[in-house]
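In case you want the letters, here they are:
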Amino acid sequence: MTRETTIARVLLVLVFAPAGGLFGKAVAEAAQSRAWWPWLVAALVWLVLSGLIAMAVSNHLDEHR
């Protein structure tokens with residue numbers, strides 16, 4: 001496995017695992033008739049920020065080839 005593949009797998013876990021937990025929390029809150037939208041917003045913000053960080057890391061690695 002190459003270094004880039006390892007980094008890509010780690011970033012995949014770091015991006016989707018927390019987002020999945022936040023989406024799950026939103027569903028649980030909605031099932032209890034509570035305010036679910038803050039959890040959904042938090043999940044979307046997490047996906048956008050972590051996606052931007054992943055793009056920056058990827059571009060940084062491409063520049064050093």
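Note that the structure is a prediction, hence the values are computed from the model and not measured.

Conventions adopted
- Residues numbered from 1 in each chain as written.
- Predicted model: local features only at pLDDT ≥ 70, side-chain atom pairs only at ≥ 80, totals over all residues.
- Heavy atoms only, no water.
- Helix = DSSP H or I, 4+ residues; strand = E, 2+ residues; numbered from the N terminus.
- Expected span 1.5 Å × (residues − 1).
- Buried < 20%, exposed > 50% of the residue type's maximum accessible area, 1.4 Å probe, protein only.
- Contact = heavy atoms within 4.5 Å.
- Patch = residues over 30% accessible without salt bridge, like charges linked within 9 Å, V, L, I, M, F, W, Y side chains within 5 Å.
- Areas by Shrake-Rupley, 256 points an atom, 1.4 Å probe, with all protein chains shown as cover.
- Salt bridge = Lys/Arg side-chain N within 4 Å of Asp/Glu carboxyl O.

Asks: Can you lay out helix α2 (residues 37–63) for me, pointing to particular residues and giving the numbers?
Replies: The end-to-end C-alpha separation of α2 is 39 Å, in line with the 39 Å expected for 27 residues at 1.5 Å each. Here α2 has its buried residues at Ala 43, Ser 50 and Ala 54. The inward-facing, buried residues of α2 abut α1 (3–31).

Asks: Give a detailed account of unusual backbone geometry, specifying residues and quantitative values.
Replies: Positive phi is not limited to glycine here, since Ser 33 has a value of about 60 degrees. Its place among the elements puts Ser 33 in the loop between α1 and α2. By relative accessible area, which is 71% here, Ser 33 ends up exposed.

Asks: Give a description of α1 that names residues and reports values.
Replies: The terminal C-alpha atoms of α1 lie 42 Å apart, and with 29 residues this matches the ideal 42 Å at 1.5 Å per residue to within 8%. Every buried residue of α1 is listed here: Val 15, Ala 19, Leu 22, Ala 26 and Glu 29. Contacts made by the buried residues of α1 are with α2. A positive phi of about 60 degrees marks Ser 33, the residue just after α1.

Asks: Report on the environment of Lys 25, specifying residues and quantitative values.
Replies: With respect to the element layout, Lys 25 can be found in helix α1. For Lys 25, a relative accessible area of 34% corresponds to the partly exposed category. With 14 residues separating them along the chain, Lys 25 and Leu 11 place their C-alpha atoms 22 Å apart.

Asks: So what's going on with the side chain of Glu 29? Which residues, and what values?
Replies: Positionally, Glu 29 belongs in helix α1. Sequence-distant contacts of Glu 29, that is, excluding residues within four places in its chain, are made with Arg 34, Ala 35, Trp 36 and Trp 39.

Asks: Before we move on, can you summarise a nonpolar patch on the surface with the specific residues and values?
Replies: Judged by side-chain polarity, Trp 36, Trp 37, Val 41, Val 45, Val 48, Leu 49, Leu 52 and Met 55 come together as a nonpolar surface patch covering roughly 820 Å² of accessible area. Relative to the helices and strands, Trp 37 resides in helix α2. Trp 37 sits in the exposed class, given a relative accessible area of 54%.

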